[in-house]
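Chain by chain, the residues run as shown.
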Amino acid sequence: NRSFAIVPHSPDAPSPATVALKGCCPRCGRGRLFSGFLAMAPRCEACGLDYGFIDTGDGPAFFVMSIVGIVVVALALWVEFAYEPPIWLHLVLWFGLTGILSLALVRPLKALMVALQFHNRAEEGRLEK
């Protein structure tokens, strides 16, 4: 079913970190992975890899919530104990930071999950008959 023409650990395949930062094809590194902000392209325009195998599910959202939650709560607690600002300032600071960090992390984390899925040839588990 899948078209994995390049061995995942060959020198020609980009690293998962490169795919995450550039949003490029996990096989050739030249084509675009996304057709919109988070919408996946149907296939790579450079090498023709069909992106139909991609199923990141809720993985990127989980990691974004975990990372952003830890960072924002830690900073909010530090600011509260160090400076005791009014509650309205907490609301402005932390809602804004949460939105900015979430938007900044969701696309690279989705690309990273796609690259790891490709490089590890991950697929849905099946029971043998």
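Reference entry: report on the structure contained in this document. Quick caveat: nothing in here was measured; it's all calculated off a predicted structure.

A few points about the overall build of the chain
Along its length, the chain carries three helices and zero strands. Listing the helices and strands of the chain from first to last along the sequence gives α-α-α. For the chain, whose C-alpha radius of gyration is 19 Å, the value lies well above the compact-globule estimate of 14 Å for 129 residues. If you line up the chain on its principal axes, its C-alpha atoms span 60 × 40 × 25 Å. Within the chain, the proportion of its 129 residues that are buried is 33%. For the chain, the share of sequence-separated contacts (at least 6 apart) that also reach a separation of at least 24 residues comes to 53%. When the 11 positive and 10 negative side-chain charges of the chain are each reduced to one mean point, those points stand 12 Å apart.

Let's talk about the nonpolar core
Counting 16 residues, the largest nonpolar core has V19, C25, L33, C44, L49, Y51 and I54 as the members making the most contacts within it. No other element matches helix α3 (residues 87-119), which puts four residues into this core. Beyond its immediate stretch of four places on either side in the chain, C25 contacts P14, V19, G31, L33, C44, C47, L49 and Y51. If you look at the next biggest cluster of nonpolar residues, it comprises eight residues, including V64, V68, V79 and V106.

About the cut-offs
Residues numbered from 1 in each chain as written. Predicted model: local features only at pLDDT ≥ 70, side-chain atom pairs only at ≥ 80, totals over all residues. Heavy atoms only, no water. Helix = DSSP H or I, 4+ residues; strand = E, 2+ residues; numbered from the N terminus. Rg over C-alpha atoms; globule rule 2.2 N^0.38 Å. Buried < 20%, exposed > 50% of the residue type's maximum accessible area, 1.4 Å probe, protein only. Contact = heavy atoms within 4.5 Å. Lys, Arg positive; Asp, Glu negative; His and termini not counted. Charge placed at Lys NZ, Arg CZ, Asp CG, Glu CD. Core = buried A, V, L, I, M, F, W, Y, C linked by side-chain atoms within 4.5 Å.

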